[in-house]
Amino acid sequence: MEDFTSAQDATLNNVEENPKKNNGHREFWRNLLRTVLGISISIVLTFGTNALLLYRRVVKDRKMTAMMVMGNIETFAKHLDQCADHMSWNDTLAAYLLAIPMDSLDIVDQNQLLYGINNVTAYYTLNHDKSAENIFSNSIDTWKNLGNFEFIENTGQCFADIKNIKEIYDDFLGTTDRIRSRMVQDLEACPGKTLGSKVLHDKEYRNHLAHIHSQAEYYHYLAAYVRWKNVKNMQLMDVSEEELKHFIEERDKNQVNIGEAPEQEMFRTPVINPDGLPDIKDWLK
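Residues numbered from 1 in each chain as written. Predicted model: local features only at pLDDT ≥ 70, side-chain atom pairs only at ≥ 80, totals over all residues. Heavy atoms only, no water.

Undergrad: Tell me about the overall build of the protein, residues and numbers included.
TA: Scanning the protein from terminus to terminus reveals 11 helices and zero strands. From first element to last, N terminus to C terminus, the protein shows the α and β order α-α-α-α-α-α-α-α-α-α-α. Looking at the protein as a whole, 29% of its 285 residues are labelled buried. For the protein, long-range pairs separated by at least 24 residues make up 82% of all intrachain contacts whose partners lie at least 6 apart in sequence. Surface accessibility of the protein: about 20,200 Å² in total, with carbon and sulfur atoms responsible for 56%. (Helix = DSSP H or I, 4+ residues; strand = E, 2+ residues; numbered from the N terminus. Buried < 20%, exposed > 50% of the residue type's maximum accessible area, 1.4 Å probe, protein only. Contact = heavy atoms within 4.5 Å. Areas by Shrake-Rupley, 256 points an atom, 1.4 Å probe, with all protein chains shown as cover.)

Undergrad: How would you summarise helix H8 (residues 203-210) if you had to cite specific residues and measurements?
TA: Helical geometry note: an α-helix holds 3.6 residues per turn, so side chains three or four residues apart project in the same direction. For H8, the set of buried residues is Tyr205, Arg206, His208 and Leu209. Relative to the axis of H8, the buried residues are bounded by an arc of 155° and lie together on one face. At the N-terminal boundary of H8, the capping side chain belongs to Asp202, with an oxygen 3.2 Å from the backbone nitrogen of Glu204. (Arc of directions from axis to C-beta. Polar contact = N/O pair within 3.5 Å; in protein donor to acceptor, adjacent residues only side chain to side chain.)

Undergrad: Go over the pattern of salt bridges with me, naming the residues and quoting the values.
TA: Side-chain pairing between opposite charges can occur once the charged atoms of the two side chains come close. A full pass over the atoms with the stated rule returns nine salt bridges. Here Lys229 makes a salt bridge to Asp161, at a shortest N to O gap of 3.3 Å. Within this pair, whereas Lys229 is found in helix H9 (residues 212-236), its partner Asp161 is found in helix H5 (residues 149-173), the two being separated by 68 residues in sequence. The class of Lys229 is buried, set by a relative accessible area of 9%. (Salt bridge = Lys/Arg side-chain N within 4 Å of Asp/Glu carboxyl O.)

Undergrad: Describe the environment of Tyr96, listing the residues and the values that go with them.
TA: With respect to the helices and strands, Tyr96 occurs in helix H1 (residues 2-99). For Tyr96, a relative accessible area of 61% corresponds to the exposed category. Sequence separation between Tyr96 and Leu113 is 17 residues, and the spatial gap between their C-alpha atoms is 9.9 Å.

Undergrad: Let's hear about unusual backbone geometry: which residues, and what values?
TA: At Asp238, a position not held by glycine, the phi torsion is positive, near 55°. With respect to the element layout, Asp238 can be found in the loop between H9 and helix H10 (241-253). Overall, the relative accessible area of 66% leaves Asp238 in the exposed class.

Undergrad: Before we move on, could you go through the side chain of Thr121 and cite the residues and values that matter?
TA: Turning to its location among the elements, Thr121 is positioned in the loop between helix H2 (110-120) and helix H3 (131-138). Thr121 has contacts with Asn90, Thr176, Arg180, Tyr205, His208 and Leu209, leaving out every residue within four places of it along the chain.

Undergrad: Which residues make up the packing of H5 against helix H6 (residues 175-185), and what are the values?
TA: Taken N-terminus to C-terminus, the directions of H5 and H6 make an angle of 35°; their axes are 4 Å apart at the nearest point. In this structure, H5 contributes Asp171, Phe172 and Leu173 to the contact, and H6 contributes Thr175, Thr176 and Arg178. Grouping the constituent residues of the contact of H5 with H6 by class yields two nonpolar, two polar and two charged. (Axes fitted to C-alpha atoms, helices over the stretch in contact; angles between N-to-C directions. Nonpolar A, V, L, I, M, F, W, Y, C, P; charged D, E, K, R; others polar.)

Undergrad: Run through the confidence of the model for the protein, naming residues and quoting values.
TA: Looking at the protein as a whole, its pLDDT mean stands at 81, while 75% of the residues score no less than 70. Low pLDDT (under 50) marks residues 51-55, which in the prediction has zero contacts with non-local residues, meaning those over four places away or in another chain. (pLDDT = per-residue confidence, 0-100.)

Undergrad: Can you tell me about the environment of Asn233, naming the residues and giving the values?
TA: Its location among the elements puts Asn233 in helix H9. Note on Asn233: relative accessible area 0%, which makes it buried. Between the alpha carbons of Asn233 and Glu150 there is a distance of 8.8 Å; along the sequence they are 83 residues apart. Reaching out from Asn233, the side chain makes a polar contact with the side chain of Thr155 at a distance of 3.4 Å.

Undergrad: Outline the packing of aromatic side chains, listing residues and values.
TA: The relative placement of two aromatic rings is captured by the distance of their centres and the angle of their planes. Within the structure shown, the criterion is met by eight aromatic pairs. Look at Phe136 and Phe151: their rings are 6.0 Å apart centre to centre, the planes differ by 75°, and that puts the pair in the edge-to-face class. Residue Phe136 is located in helix H3, and its partner Phe151 is located in helix H5; the two are separated by 15 residues in the primary sequence. For Phe136, a relative accessible area of 4% translates into the label buried. (Phe/Tyr/Trp six-rings, centres within 6.5 Å; stacked < 30°, edge-to-face > 60°.)

So, in structure tokens, the structure goes:
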């Protein structure tokens, strides 16, 4: 009887212990689930935050590249306008030269005539910094990934136009060099007694001087055309004209100032006078 009672008590004890054991299992799984969820949320937040920061950085870099590109295009248009503005001086001097009667070219002041000929085609050089274009080209995949196809196309057209305009301008500047090279080959056959007269008798040269005015107008038009296309870039990137102007001013303000470029006149020295040379044997010693 006592054995039966002991067995019964043991069974009851087991029944009492099982709920505790089941509760322990449940608590273990709850804790495991909390841990897994915590880790998962942490991973999602970490990668999500990194992705957000990366996206913001890409957007910021894209905006900076766009500003550099649009600023570069505007700077080119500005330089082209400056070149065209300077041509008004060349055009005025050309008008003086072309107004000299052909039969008077050999009797006018030759020093003044040669000064006019040497300076009438002293045009400004048209420079174009390709650094912004190269940066844009190197990041073209990023632009494609962001879906800015219209901006890519319009910017590419702007840079292609700039390349063509510079070639046209440089070809115009090289006209007088080609004329002089042709004349030098047979200078005696050219009409006129003096060098200045021979140059101004040349029909191709006179035609070049007569077209300075129309070329200046053409370059002003091309500068306006480039700006017109750049406005589309600004609209696509939601950039105002004031923002771009401020960006260019800040960029120019932060450039290192190295002073004025050296002038060739600073390096001219007196031509050697043969009469003032010592005996060559003494000089060689």
